[in-house]
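If you want the building blocks of each chain, they are given just below.
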Amino acid sequence: MKNKVINITEAVDRIPDGASIMIAGFLGNGTPHNIIDAILAKGIKNLTIIANDTGITGIGISKLIAAKVVKKVMTSHIGTNPETGKQMMAGTLEVELVPQGTLAERIRSAGAGLGGVLTPTGVGTDVAHGKQTLVLNGKEYLLELPIKADFAILGATIADTFGNSFFNGTTKNFNPVMSTAADTVIVETAKIVEPGELDPNIVMVHGIFVDYIVRSNSNG
Amino acid sequence: MKNKVINITEAVDRIPDGASIMIAGFLGNGTPHNIIDAILAKGIKNLTIIANDTGITGIGISKLIAAKVVKKVMTSHIGTNPETGKQMMAGTLEVELVPQGTLAERIRSAGAGLGGVLTPTGVGTDVAHGKQTLVLNGKEYLLELPIKADFAILGATIADTFGNSFFNGTTKNFNPVMSTAADTVIVETAKIVEPGELDPNIVMVHGIFVDYIVRSNSNG
Amino acid sequence: MDDAKNIIARRIAQELHDGDVVNLGIGLPTLVANYLPQGVDITIQSENGVLGVNGSPEKGKEDPDLINAGGKHITVRKGSSYFDTATSFGIIRGGHVDATVLGALEVDEKGNLASHMVPGKMVSGMGGAMDLATGAKKIIIGTLHTNSGKPKILKNLTLPITAVGVVKLIVTEMAVIEVSPLGLVLKEVAEGTTVEQVKAATEAELLMSPDLGTFSVQ
Amino acid sequence: MDDAKNIIARRIAQELHDGDVVNLGIGLPTLVANYLPQGVDITIQSENGVLGVNGSPEKGKEDPDLINAGGKHITVRKGSSYFDTATSFGIIRGGHVDATVLGALEVDEKGNLASHMVPGKMVSGMGGAMDLATGAKKIIIGTLHTNSGKPKILKNLTLPITAVGVVKLIVTEMAVIEVSPLGLVLKEVAEGTTVEQVKAATEAELLMSPDLGTFSVQ
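Residues numbered from 1 in each chain as written. Chains lettered and ligands numbered in written order. Predicted model: local features only at pLDDT ≥ 70, side-chain atom pairs only at ≥ 80, totals over all residues. Heavy atoms only, no water.

Engineer: Help me understand the overall build of chain A, please; the structure alone is not making it clear to me.
Structural biologist: Looking only at helices and strands, chain A features six helices and 13 strands. If one aligns the C-alpha atoms of chain A with their principal axes, the spans along those axes are about 50 × 40 × 30 Å. Each of the 220 residues in chain A was classed as buried or not, and the buried ones make up 67%. Restricting the contact set of chain A to residue pairs at least 6 apart, pairs at least 24 apart contribute 71%. Carbon and sulfur atoms provide 48% of the accessible area of chain A, an area that totals close to 7,300 Å². Taking the average location of the 18 positive side-chain charges in chain A and that of its 20 negative ones, the two points are 2 Å from each other. (Helix = DSSP H or I, 4+ residues; strand = E, 2+ residues; numbered from the N terminus. Buried < 20%, exposed > 50% of the residue type's maximum accessible area, 1.4 Å probe, protein only. Contact = heavy atoms within 4.5 Å. Areas by Shrake-Rupley, 256 points an atom, 1.4 Å probe, with all protein chains shown as cover. Lys, Arg positive; Asp, Glu negative; His and termini not counted. Charge placed at Lys NZ, Arg CZ, Asp CG, Glu CD.)

Engineer: What should I look at first to understand the overall build of chain C in this one?
Structural biologist: Broken down by element type, chain C carries five helices and 17 strands. Relative to its length of 218 residues, chain C is compact, with a C-alpha radius of gyration of 17 Å against a globular reference of 17 Å. The dimensions of chain C, computed from C-alpha atoms along their principal axes, are 50 × 40 × 30 Å. In chain C, which comprises 218 residues, the share counted as buried stands at 60%. Pairs at least 24 apart in sequence give 62% of the contacts found in chain C among residues at least 6 apart. Accessible surface, chain C: about 8,900 Å² in total, of which carbon and sulfur atoms supply 51%. (Rg over C-alpha atoms; globule rule 2.2 N^0.38 Å.)

Engineer: Teacher, can you tell me more about the interface of chain B and chain D here?
Structural biologist: Accessible area lost during the coming together of the parts is what is often quoted as the interface size. Taken together, the contact between chain B and chain D spans 36 residues of the former and 38 residues of the latter. Buried area between chain B and chain D, both sides added, is near 2,800 Å², and the carbon and sulfur share of it is 65%. Applying the counting criterion to the chain B and chain D interface returns zero salt bridges. Scanning the region where chain B abuts chain D turns up 15 residue pairs in polar contact (both at pLDDT 80 or more). Of all the secondary structure elements, the ones that give two or more residues to the side of chain B that touches chain D are helix H4 (82-90), helix H5 (100-111) and helix H6 (175-179) of chain B. The biggest single contributor to the side of chain B that touches chain D is H5 of chain B, with five residues. Of the residues contributing to the side of chain B that touches chain D, the split by class is 15 nonpolar, 18 polar and three charged. (Buried area = accessible area lost by both parts, 1.4 Å probe. Salt bridge = Lys/Arg side-chain N within 4 Å of Asp/Glu carboxyl O. Polar contact = N/O pair within 3.5 Å; in protein donor to acceptor, adjacent residues only side chain to side chain. Nonpolar A, V, L, I, M, F, W, Y, C, P; charged D, E, K, R; others polar.)

Engineer: Would you mind going over the pattern of salt bridges with me for this structure?
Structural biologist: When the charged atoms of two side chains lie near each other, side chains of opposite charge can form a pair. Residues and elements named next belong to chain A. The full count for this structure, using the stated rule, is 36 salt bridges over all chains. Residues Arg106 and Glu144 are paired through a salt bridge, measuring 3.8 Å at the closest nitrogen-oxygen approach. Placement of Arg106 in helix H5 (residues 100-112) and of Glu144 in strand S7 (residues 139-144) is noted, with a sequence separation of 38 residues between them. Residue classification places Arg106 among the buried residues on the basis of a relative accessible area of 9%. Here the salt bridges share partners, and the residues they tie into one network are Lys72, Glu94, Glu96, Arg106, Lys131 and Glu144.

Engineer: How do you make sense of the pairing of strand S6 (residues 133-136) of chain B when you look at a structure like this?
Structural biologist: Successive side chains on a regular strand alternate, one facing one side of the sheet and the next facing the other. All names here are of chain B. Where burial is concerned, the two faces of S6 differ: the one with Leu134 and Leu136 is buried and the one with Thr133 and Val135 is not. As paired strands, S6 and strand S7 (residues 139-144) are joined by four bridges and run antiparallel to one another. By the bridge assignment, Thr133 is partnered in S7 with Leu142. The antiparallel pairing of S6 with S7 creates a hairpin that spans two residues between the two strands, and Asn137 there sits at a positive phi of about 50 degrees. (Pairing = 2+ DSSP bridges.)

Engineer: Would you mind going over the pairing of strand S16 (residues 183-190) of chain C with me for this structure?
Structural biologist: All names here are of chain C. With seven of eight residues buried, S16 is to be regarded as a mostly interior element. Where strand S15 (residues 175-180) meets S16, six bridges bridge the pair, whose relative direction is antiparallel. Bridged to Ala175 within S16 is Val189. Linking S15 to S16, which pair antiparallel, is a turn of two residues. Sheet topology places S16 next to strand S17 (residues 206-215); six bridges connect them, and they run parallel. Each residue of the ladder has a partner; that of Val189, found in S17, is Thr214. Handedness of the crossover is the feature at issue here: the chain leaves S16, passes through helix H5 (residues 195-200), returns alongside S17, and the resulting connection is right-handed. (Right-handed = clockwise from strand over helix to strand, strands pointing away.)

Engineer: Explanation requested: the interface of chain B and chain C in the structure shown.
Structural biologist: Counting residues at the interface gives 18 residues for chain B, matched by 19 residues for chain C. Among the residues chain B hides against chain C, the three largest losses belong to Met1, Pro200 and Ile208 of chain B. Together they make up 37% of the total. If you look at where chain B meets chain C, you find zero salt bridges. Between chain B and chain C we count seven residue pairs in polar contact (both at pLDDT 80 or more) in total. Class assignment of the residues belonging to the side of chain B that touches chain C gives a composition of nine nonpolar, seven polar and two charged.

Engineer: Whenever I open this one, the sheet that holds strand S8 (residues 149-156) of chain B confuses me. Can you help?
Structural biologist: Within a sheet, adjacent strands bond to each other through the backbone by hydrogen bonds, running parallel or antiparallel. Residue and element names in this part refer to chain B. A sheet is described by the order of its strands in space; here seven strands give the open sequence S4-S3-S2-S1-S8-S11-S13, paired in parallel fashion. Two strands bound the open sheet, and with one partner strand each, they are strand S4 (94-97) and strand S13 (212-215). Each neighbouring strand pair of the sheet contributes to a mean axis angle of 20 degrees, computed without reference to strand direction. Relative to S13, strand S11 (residues 182-189) runs parallel, the two being bridged by four bridges. Counterpart to Glu188 in the pairing with S13 is Val214. Docked against the sheet, helix H2 (residues 33-42) engages strand S1 (20-23), strand S2 (47-50), S8, S11 and S13, running at close to 115 degrees with respect to S11. (Axes fitted to C-alpha atoms, helices over the stretch in contact; angles between N-to-C directions.)

Engineer: Please clarify how the environment of Ile39 of chain A should be interpreted in this entry.
Structural biologist: Residue and element names in this part refer to chain A. By the element assignment, Ile39 lies in helix H2 (residues 33-42). What makes Ile39 buried here is its relative accessible area of 0%. If near-sequence neighbours (up to four positions away) are discounted, Ile39 is found in contact with Val12, Ile15, Ile21, Ile44, Leu47, Leu64 and Ile153.

Engineer: Teacher, can you tell me more about the sheet that holds strand S7 (residues 113-114) of chain C here?
Structural biologist: All names here are of chain C. Pairing within the open sheet is mixed, and its three strands lie in the order S7-S6-S13. Edge positions in the sheet fall to S7 and strand S13 (153-154), since each has one partner strand and no second. For strand S6 (residues 106-108) and S7, the ladder comprises two bridges, and the chain directions are antiparallel. Paired with Glu106 across the two strands is Ala114, which belongs to S7.

Engineer: Just checking my understanding: could you explain the packing of H5 of chain A against helix H2 (residues 85-93) of chain D for this structure?
Structural biologist: Axes are the key here: two packed helices are described by the angle between their axes and the distance separating the axes. The geometry of H5 of chain A relative to H2 of chain D is characterised by a closest axis approach of 7 Å and an angle of 60 degrees between their N-to-C directions. Of the possible angle classes, the one that applies to H5 of chain A and H2 of chain D is oblique. Contacts from Arg108, Gly111 and Ala112 of chain A of H5 of chain A reach H2 of chain D at Ala86, Phe89, Gly90 and Arg93 of chain D. A breakdown of the residues in the contact of H5 of chain A with H2 of chain D according to their chemical character gives three nonpolar, two polar and two charged. (Parallel < 35°, antiparallel > 145°, perpendicular 65-115°, else oblique.)

Engineer: Before we go on, may I ask you to explain the side chain of Asp20 of chain D in this structure?
Structural biologist: Residue and element names in this part refer to chain D. Along the chain, Asp20 turns up in the loop between helix H1 (2-13) and strand S1 (21-24). For the buried Asp20, which has no salt bridge, the nearest side chain bearing the opposite charge is Lys137, at an N-O separation of 7.4 Å. Among residues more than four places away in sequence, those in contact with Asp20 are Asp41, Ile42, Thr43 and Asp98.

Engineer: Please explain helix H3 (residues 85-93) of chain C as it appears in this structure.
Structural biologist: Along an α-helix, residues three or four positions apart point the same way, because every turn accommodates 3.6 residues. Of all nine residues making up H3 of chain C, eight are buried, and the element is well covered by its neighbours. Along H3 of chain C, the residues classified as buried are Thr85, Ala86, Ser88, Phe89, Gly90, Ile91, Ile92 and Arg93 of chain C.

Engineer: How do you make sense of unusual backbone geometry when you look at a structure like this?
Structural biologist: Among all residues except glycine, the phi angle is most often negative; among peptide bonds, the trans geometry is most common. Backbone geometry at Asn46 of chain B places phi at a positive 55 degrees, although glycine is not the residue there. On the secondary structure map, Asn46 of chain B appears in the loop between H2 and S2. By relative accessible area, which is 42% here, Asn46 of chain B ends up partly exposed. Located in the positive-phi region is Ser148 of chain C, a residue other than glycine, with phi close to 50 degrees.

Engineer: Which parts of the structure should I look at to understand the packing of aromatic side chains?
Structural biologist: In this description, a pair of aromatic rings is defined by centroid distance and the angle of the planes. All names here are of chain A. Evaluation of the coordinates by the stated rule reveals zero aromatic pairs over all chains. For the cation-ring pair, Lys4 lies above Phe162, with the distance from its terminal atom to the ring centre recorded as 4.0 Å. Against the face of Tyr212 rests Arg14, its NZ or CZ located 4.4 Å from the ring centre. (Phe/Tyr/Trp six-rings, centres within 6.5 Å; stacked < 30°, edge-to-face > 60°. Lys NZ or Arg CZ within 6 Å of the ring centre and 35° of its normal.)

Engineer: I tried to follow the nonpolar core on my own but got confused; where do I start?
Structural biologist: Considering soluble globular proteins, one finds that nonpolar side chains tend to be buried as a cluster. In this structure, Met22 and Ile107 of chain A together with Met22 and Ile107 of chain B are the most contacted members of the largest nonpolar core, which totals 70 residues. Look past the residues within four positions of Ile107 of chain A in its chain and what remains in contact with it is Met22, Ile50, Ile147, Phe174, Val177, Met178, Thr180 and Ala181 of chain A. (Core = buried A, V, L, I, M, F, W, Y, C linked by side-chain atoms within 4.5 Å.)

This is how it looks when you write it as structure tokens:
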């Protein structure tokens, strides 16, 4: 069984300028804070970020926005990091707002080999612009298409060296779906264990999805 | 917090003739064997069953088939219970074969408020008959619609009195999706605990989905 | 201001029923949990992935792995459960949430809701609001009646729509208004507030409920 | 018969690579795990909800909560994980399974597969086979070359199709046949079997590989 643990510098060395990156977490909870810092330290730029939110000022994804290394974000909420709105209105950052549940389903679709899903969310709103609609049993739905990325970076509570990962409490959020929908998946965790130490019943991200594991040295 | 534990006779008293019932389990693993026996004992008939398979001869769902109380099954596999195929060919039992992954997604769609999903599975086969197809990025998909039921009966390893349930090993299978897609959900388990005794991280069926809990007295 | 919010929260709490699964939006809606009537036990969902939210932790006892959708540390009660975002919005979109209490920038006569952006000015994004407004069984709006003196309850939305025709009840510090197929129906006014004051602060047409009542502001 | 199956399983095992995620169908395909080459470590998925299948338990040591898709009790190795059906078929349909080994009733020149029913006679249902045949990265068919002397490798399927044009490799006790855009290519014959014997037992046209080889039947 492959041991996928590498150091954090090796991990971010794999991420080129212009990459699309899914970043798990919800307002910094379940977010891979150390990988974000390492991306900043290396100066990787022109990124497309797919994430629930753009962090809280000074925390998590907001650091990437503040450093102006992001050209586009697909996200459900930017209210807790006003800098995102500022760059958007200044025309220097492209922001695609996606309803939170739709974002999860679109990522899940990519990971699960579905061509898309029909959701009632967003019908009659700006979210529907340019999207195909279907009426089934008298109810209107939007056809929402899969979202993939080059990389997904995850923040786990515990991971084994094969990549099986557990997420405590509310840190699960986007971690499981994002693990399935990116070409390269990197898990950050403070606790690395041997295969067999994690109860197979509580594995929330399966090792087969994970390419690299890095050890975090702080809570970000 | 409501205590939803009732006895098994009270539980099946709620199921009328002609009901549609999702039965969780995979070849009897994770299947609510005692509820099946109670349905038989009460003589409920004209049932529509939605399940992965129709059991193994003498075990699980096969007992309902053998008793001829089923008028229709939606299932992925009937090979382990030849009686299903016999009744189907005799014209006394309607069998709709659904690919296993599609069955899971159709049930999940109903539970998750989706209008349906697009899957590549079944394109060009009998499964596609009468179904809308969409071509996206040059690839053809079937539009698969939600499946709901009047009842879902589940087989849990442990449940608390509110209905939060844990499923050990491979007994998870259809239990989580089915819990979301039926009007009335009944959980059978050999082990009932108080709310708070189950780690919230390992709850696989959430108490809010569950209407009744019954204690099993055997492994079926 | 805080008084007004608590008045609204207390009134909304009376709309919830024993056993309900409820999602409370960020801000004012969160206060609703403080005013549940005796004997009403609800399960609070937070869309970031938890059922059974149970208020704030004592200072210094925060669990870093446990927050609500507003990013605040929470505690959970016995019988709670955690899940990922796909599951969470399956619960929401699938109609498994009995009621959601949401804030609003504007609501109109048809029950249309605007809550996620003021173009060129305030763009927060819809977060989970579009899914909640589309999927929950009952959508209750808890909001101040006006914004800097300007009505928020309008004939037609002026801001981008968040969900079409979903609002069932609007509770403000001045009034309780039901959205009916005929239009907005004034059901209750706050103690000490007159119908005329409500009408003056509301752009939309208000129909009078035949059994118009009052609600407490204590 | 069992010998033939083991010959097939041993040859198929050589198609798997270190680190592969593999789903082995019920019956013959399950035997493949017994013949993995030295240094090839694979993760076996079973679609009922497990990654890391590790063979049969000792008699009397069966875990009642642990079976494979064939209903047989299994053990798991260290680093395994369990999941529900929706997740399992997300793994399969999403292209996260590197190879699947499936049985067949018929295969044809275009790589079409029939495996789930003989109308009016044998109806087993597709189970997970349609999803596996559609979603796995490489579909390997492991089957006896003929059925009671009748060819199973045909110009065109006669039975209901399970998946369109998905088969990449067919391994029988007589031959290894690759499905190419030009048609079926005979890559290897079993030791002691002649090309003529293979052709006689095959209805479909067989192109000859320029580097036609043999495989062991020991």
